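# Chains, contacts and geometry: an overview
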Amino acid sequence: MRRLVRETSLDPANFVLPLFICPGEGVRRPITSMPPQCQLSVDTAVEECREILSLGIGGVILFGLPESKDEMASGAYDDDGIVQRAIRAIKREVPGLLVITDVCNCEYTSHGHCGLIVQGDVDGYVDNDATLQWLAKSAVSHARAGADIVAPSDMMDGRVGAIREALDGQGFIKVPILSYAAKFASVFYGPFREAAESTPQFGDRRSYQMDPANAREAMREMELDLAEGADMLMVKPAMPYLDVIRDARDRFDVPLAAYQVSGEYSMIMAAAANGWIDRERAMMESLTSIRRAGADFVITYFAKPAAALLG
Ligand SMILES: [Zn+2]
């Protein structure tokens, strides 16, 4: 009877697994703060993707760890960059799997910020408009490599419009934009920064990410992104922001994603490792809560074990 009257269901098709692509061959480098997640080279990522497809998981989202970083984030929009190579390999070897790419610069800049740093009166700051050009070039190079969806995560103003225009200009009219529209300046990103080696070398990202206290502002950010041409919206993190997911669900009719971020994952894994919590139940309850709040799909490090459990 419980099954008959259940309001919220989980399906592997609603999960997206983040993958961290690193240089080399045969690499599976454990991310110690997010066990058993690993940084993967292109070839091992392809192997991983075969398994992901066989589990019925909705897709992957790719993050890149380039060979080298510089002030201009040139690895982000290089057609032979790490993510571009991974997209081509995955689309060639595992053609049925949906590939989303994260579009940002922080993994590619030597200073770890999401954009071009210019010197101000007191301090350096991120130049919004110059950064838009890098983002547009990155999105186009991902689409050229075969990405199914591009997902800008930088939170610069005007980025969705700039990316849409660049994609359309290059003939990629069918590549949708999943906008990290409500991305909060959260402490829960901590373990990810080890995974993606993207900790800012100075300052923080509070000038371009959102204040955790502001839900109405999140709605405004989402409205702006839709007006610029976003096809799907994302709330990040997920569990501390279930009210924002619900507000967005009630207000907007486009597909809505939520990112259950590294810290949300690692807290459950750490507590389970200590025997303080039941890992499987915590995993399923957390995913159910995010879906119940209104997310159509969940970007989650639990994608594989949850899909396996759902069978
Ligand atoms: Zn970034």
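Coordinates for the structure precede this section.
The model shown is predicted, which means the values in this text are computed figures rather than measured ones.

It is worth spelling out the coordination of the zinc ion at this point. Octahedral metals with six donors have ideal donor angles of 90 or 180 degrees. Tetrahedral metals with four donors have an ideal donor angle of 109.5 degrees. Taken together, Cys104 (SG), Cys106 (SG) and Cys114 (SG) make up the full set of protein donors to the zinc ion, lying 2.2 to 2.3 Å away. The motif formed by the donor residues of the zinc ion, counted along the single chain, is C-x1-C-x7-C. Judged by relative accessible area, Cys104 falls into the buried class, the value being 2%.

Turning our attention to the nonpolar core. Ranked by internal contacts, the top residues of the largest apolar core, which has 112 residues, are Leu62, Leu167 and Met222. Considering each element in turn, this core owes the most residues, seven residues, to helix H4 (residues 128-145). The residues touching Leu167, leaving out its near neighbours within four places in the chain, are Ala139, Val140, Ala143, Val150, Phe172, Ile173, Val175 and Ile177.

Position of Ala181 among the secondary structure elements: in strand E9 (residues 178-183). For the pair Ala181 and Val94, spaced 87 residues apart in sequence, the C-alpha separation works out to 29 Å. Those residues in contact with Ala181 that lie beyond four places of it in its chain are Met155, Arg159, Met210, Glu221, Met222, Asp225, Leu233 and Met234.

A few words on the packing of helix H9 (residues 262-273) against helix H10 (residues 279-293). Running from amino to carboxyl end, H9 crosses H10 at an angle of 160°, the nearest separation of the two axes being 9 Å. Taken as axis vectors, H9 and H10 run roughly antiparallel relative to one another. Where H9 crosses over H10, the handedness of that crossing is right-handed. Contacts between H9 and H10 pair Ile268, Met269 and Ala272 from the former with Arg279, Ala282 and Ser286 from the latter. Here the contact of H9 with H10 is composed, by residue class, of four nonpolar, one polar and one charged.

Now for the pattern of salt bridges. For the structure shown, the criterion picks out 17 salt bridges. Two residues, Arg159 and Asp154, come together in a salt bridge whose shortest N-O distance is 3.3 Å. Judged by its relative accessible area of 2%, Arg159 falls in the buried class. Asp154 gets classed as buried once you look at its relative accessible area, which sits at 0%. Between Asp250 and Arg246 there is a salt bridge, with the nearest N and O atoms lying 2.9 Å from each other. With Asp250 and Arg246 both in helix H8 (residues 242-251) and four residues apart, the pair spans about one turn of that helix. For Asp250, a relative accessible area of 57% gives the class exposed. Counted as one network, the salt bridges with shared partners bring together Arg28, Glu47, Glu48, Glu51 and Lys304.

With that settled, the discussion passes to the pairing of strand E4 (residues 59-64). With respect to burial, E4 is a largely interior element, six of its six residues being buried. Side chains of E4 alternate between two faces, with Gly59, Ile61 and Phe63 and Val60, Leu62 and Gly64 buried alike. Here six bridges tie strand E1 (residues 15-21) to E4, and the two strands are oriented parallel to one another. In the sheet register, Val16 faces E4, and the bridge partner there is Gly59. Of the crossover connections in this fold, the one passing from E4 over helix H3 (residues 82-93) to the parallel strand E5 (residues 99-103) is right-handed.

Here we take up H10. Its 15 residues give H10 an end-to-end C-alpha distance of 21 Å, which sits within 8% of 21 Å, the value for a rise of 1.5 Å per residue. Among all positions of H10, only Ala282, Met283, Met284, Ser286, Leu287, Ser289, Ile290, Arg291 and Ala293 are buried. Against E1, H8, strand E11 (256-260), H9, strand E12 (297-300) and helix H11 (303-310) lie the buried residues of H10. With a side-chain oxygen lying 3.1 Å from the backbone nitrogen of Glu280, the N-terminal cap of H10 falls on Asp278. In the stretch just after H10, Gly294 is the one whose phi turns positive, near 130°.

Quick notes on the rules
Residues numbered from 1 in each chain as written. Predicted model: local features only at pLDDT ≥ 70, side-chain atom pairs only at ≥ 80, totals over all residues. Heavy atoms only, no water. Donors = N, O, S within 2.8 Å, 3.2 Å for Na, K, Ca; no water. Buried < 20%, exposed > 50% of the residue type's maximum accessible area, 1.4 Å probe, protein only. Core = buried A, V, L, I, M, F, W, Y, C linked by side-chain atoms within 4.5 Å. Helix = DSSP H or I, 4+ residues; strand = E, 2+ residues; numbered from the N terminus. Contact = heavy atoms within 4.5 Å. Axes fitted to C-alpha atoms, helices over the stretch in contact; angles between N-to-C directions. Parallel < 35°, antiparallel > 145°, perpendicular 65-115°, else oblique. Left-handed = near helix turned anticlockwise from the far one by under 90°. Nonpolar A, V, L, I, M, F, W, Y, C, P; charged D, E, K, R; others polar. Salt bridge = Lys/Arg side-chain N within 4 Å of Asp/Glu carboxyl O. Pairing = 2+ DSSP bridges. Right-handed = clockwise from strand over helix to strand, strands pointing away. Expected span 1.5 Å × (residues − 1). Polar contact = N/O pair within 3.5 Å; in protein donor to acceptor, adjacent residues only side chain to side chain.

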